[in-house]
Amino acid sequence: MPRPVTLSMVNVTARLEGIDQRRRELLALVDRAGSAGAQIVLLPECCDHHRTHEALAAHATGSADELHRVCGLMLSSPWMRALADLAVKHRMVVIP
């Protein structure tokens, strides 16, 4: 039987900044959404590394492997683990 769910969509500005700063901001927003009762939190595509100093430098090398290494785009990365921890904490689904 269908039931209502609370969906939260997170958005950030496209300012150029460091990847750690961007990810801290996103984690705080996801945590806030979870605290407010969101059951599903949706992040924009590539929001954790798009327009960051590190990603732009890695992209300039022309190597997809370097971009993945710098951005930590793996399920076991600290970034993904932090999102998973928030999902468990708030009993919600986070779609990065």
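The preceding data block contains the structure.
Here's what I pulled together on the structure shown here. Predicted model only: the values in this text are computed from it and were never measured.

Scoring rules and cut-offs
Residues numbered from 1 in each chain as written. Predicted model: local features only at pLDDT ≥ 70, side-chain atom pairs only at ≥ 80, totals over all residues. Heavy atoms only, no water. Helix = DSSP H or I, 4+ residues; strand = E, 2+ residues; numbered from the N terminus. Buried < 20%, exposed > 50% of the residue type's maximum accessible area, 1.4 Å probe, protein only. Polar contact = N/O pair within 3.5 Å; in protein donor to acceptor, adjacent residues only side chain to side chain. Axes fitted to C-alpha atoms, helices over the stretch in contact; angles between N-to-C directions. Parallel < 35°, antiparallel > 145°, perpendicular 65-115°, else oblique. Left-handed = near helix turned anticlockwise from the far one by under 90°. Contact = heavy atoms within 4.5 Å. Nonpolar A, V, L, I, M, F, W, Y, C, P; charged D, E, K, R; others polar. Pairing = 2+ DSSP bridges.

All right, on to the overall build of the chain then. In terms of regular secondary structure, the chain is built from 4 helices and 3 strands. The order of α-helices and β-strands along the chain, N terminus first, is β-α-β-α-α-α-β. Considered along the principal axes of its C-alpha atoms, the chain spans approximately 50 × 25 × 20 Å. Put simply, the chain has 96 residues, and 32% of those count as buried.

This part covers helix α3 (residues 64-71). Backbone nitrogen of D65 and a side-chain oxygen of the N-cap are separated by 3.4 Å at the start of α3; the cap is S63. Residue G72 follows α3 closely and has a positive phi angle near 60 degrees.

Here the focus is the packing of helix α1 (residues 19-35) against helix α4 (residues 78-90). For the pair α1 and α4, the least separation of the axes is 9 Å and the interaxial angle reads 10 degrees. As summarised for this structure, α1 and α4 are arranged roughly parallel, according to the angle between their axes. Considering only the axes of α1 and α4, their crossing is right-handed. Residues R23, L26, L27, V30, D31, G34 and S35 of α1 touch α4, and the partners they reach there are W79, A82, L83, L86, K89 and H90. Broken down by class, the residue content of the contact of α1 with α4 amounts to 7 nonpolar, 3 polar and 3 charged.

Across the sheet, 3 strands lie side by side as β1-β2-β3; this open sheet has parallel pairing. The open sheet has two edge strands with one neighbour each: β1 (7-9) and β3 (93-95). Taking each pair of neighbouring strands and ignoring which way they run, the sheet shows an average axis angle of 15 degrees. Direction of pairing for β1 relative to strand β2 (residues 40-42): parallel, over a ladder of 3 bridges. Residue L7 lies in a different strand from β2, and its bridge partner there is I40.

Moving on, we come to the packing of helix α2 (residues 53-60) against α3. Working note: a packed helix pair is described by the angle between its axes plus the distance between those axes. Put simply, α2 and α3 touch, their axes get as near as 8 Å, and they point 160 degrees apart. One way to sum up the angle between α2 and α3 is to call them roughly antiparallel. When the axes of α2 and α3 are compared, the crossing they make is right-handed. Contact residues: E54, A55, A58 and H59 in α2; E66, L67, V70 and C71 in α3. Residues of the contact of α2 with α3, tallied by class, amount to 5 nonpolar, 1 polar and 2 charged.

Inspection of the secondary structure assignment puts H49 in the loop between β2 and α2. Non-local contacts of H49, meaning those with residues more than four positions away in its chain, are made with I19, R22, A55, C71 and L73.

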